[in-house]
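# Per-entry structural report
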Amino acid sequence: AARAIRAMNDGDRLDECTLDIDSIPHEVHGHQESSEFNAHYGMRCFHPLGVMVGETGHWLDLTLREGNVHTAEGAEYILLPLIERARTEIANVVHARGDAGFVGPKLLDPLDAAGVRYAFRLRTNKILQVHEEIHARRPQGRRPEAPRTWCHDIEYRAEIWEKPRRVVIVVRERPGELYLHTFFIVTSFTPEQMCARDVLDLYRARGTMEGHIGEHQSVIRGALSSTKPGEEPHQAQGDRKAVRAD
């Protein structure tokens, strides 16, 4: 992947890149080894964990996991080494991005310690709902005919976090709808490094990965079908079941 990315950039590393991490449930029929019922998705599946260069769509790793594991299970073991690899081979500056399933001290603390800037969606809770009530209010004046979005910065500390972190509240208004829509992004970018609206734009670009996942489902199917009955999938980094997508 590194060689291909540099080739796209006249042989040079990128100035910066974003590593997208996501879990990719893959439904199975029957009782293949390591497939399990996942109550969240309501199906029997494998639950691979993948990391992709968001700007180019190149897979860096795809880890096979049992179907009933949590979204973030093993995320730190796959993402952190890839960040170091990407810093050496792909880009001068490397960021990380993901959805709310990955927000926890096991991943955020090491990213902070490594100086990696990130943007992850954050689940709503009772404390954040208080901030939502304060900031999710329509500006005065006539409602616009087109959708509009605005952002607010707050400092927030979850009970399991050792320190407060910057959270961007995103408020969206859609014409004809009575209620506003809000969601939250936790980020390590300071306001001086990236304003709240730019943090939102960075997170929204994650949609590119979701599109690439659809395009590359054959990679996942190939990884899952490469194991013959009675054999273990490829081993990588300890006891993780993984397929490298170099």
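Below you will find a few notes about this structure.

So, how was this worked out
Residues numbered from 1 in each chain as written. Predicted model: local features only at pLDDT ≥ 70, side-chain atom pairs only at ≥ 80, totals over all residues. Heavy atoms only, no water. Helix = DSSP H or I, 4+ residues; strand = E, 2+ residues; numbered from the N terminus. Buried < 20%, exposed > 50% of the residue type's maximum accessible area, 1.4 Å probe, protein only. Phe/Tyr/Trp six-rings, centres within 6.5 Å; stacked < 30°, edge-to-face > 60°. Pairing = 2+ DSSP bridges. Salt bridge = Lys/Arg side-chain N within 4 Å of Asp/Glu carboxyl O. Arc of directions from axis to C-beta.

### Quick word on the environment of L60
Here L60 is to be found in strand 6 (residues 58-64). A residue is classified by how much of its surface remains accessible, and L60, at 0% relative accessible area, is buried. For the pair L60 and D20, spaced 40 residues apart in the sequence, the C-alpha separation amounts to 9.9 Å.

### Some points on the packing of aromatic side chains
One pass over the structure, following the stated rule, counts three aromatic pairs. On the basis of an interplanar angle of 75° and a centroid distance of 5.5 Å, the ring pair of Y156 and W161 is categorised as edge-to-face. Neither Y156 nor W161 differs from the other in exposure class; each is buried. Each ring, one from F183 and one from Y203, has its centre 6.4 Å from the other, and the planes form 45°; the classification is tilted.

### Brief notes about the pairing of strand 10 (residues 165-173)
In terms of burial, strand 10 is largely enclosed, as eight of its nine residues are buried. Here nine bridges tie strand 9 (residues 148-156) to strand 10, and the two strands are oriented antiparallel to one another. By the bridge assignment for strand 10, E155 is matched with R166. With seven bridges joining them, strand 10 and strand 11 (residues 181-187) adopt antiparallel strand pairing. Across the sheet, residue I169 finds its bridge partner in strand 11, namely F184.

### So, the pattern of salt bridges
The final tally for this structure, using the stated rule, is 10 salt bridges. Across the pair R85 and E89 runs a salt bridge whose closest N-O atoms are separated by 3.6 Å. Of this pair, R85 and E89 both sit in helix 2 (residues 75-89), four residues apart, which is roughly one turn of the helix. Residue R85 is classed as buried on the basis of its relative accessible area of 17%.

### Quick look at the sheet that holds strand 4 (residues 43-46)
Here three strands make up an open sheet; going across it, the order is 2-4-3 and the pairing antiparallel. Sheet topology places strand 2 (26-27) and strand 3 (36-38) at the edges, where each strand pairs with a single neighbour. In terms of strand pairing, strand 2 meets strand 4 through two bridges, oriented antiparallel. Counted as the bridge partner of E27 is C45 from strand 4.

### Overview of helix 5 (residues 196-204)
Turning to helix 5, its buried residues are A196, V199, L200, L202 and Y203. The buried residues of helix 5 occupy one face: seen down the axis, they fall within an arc of 160°.

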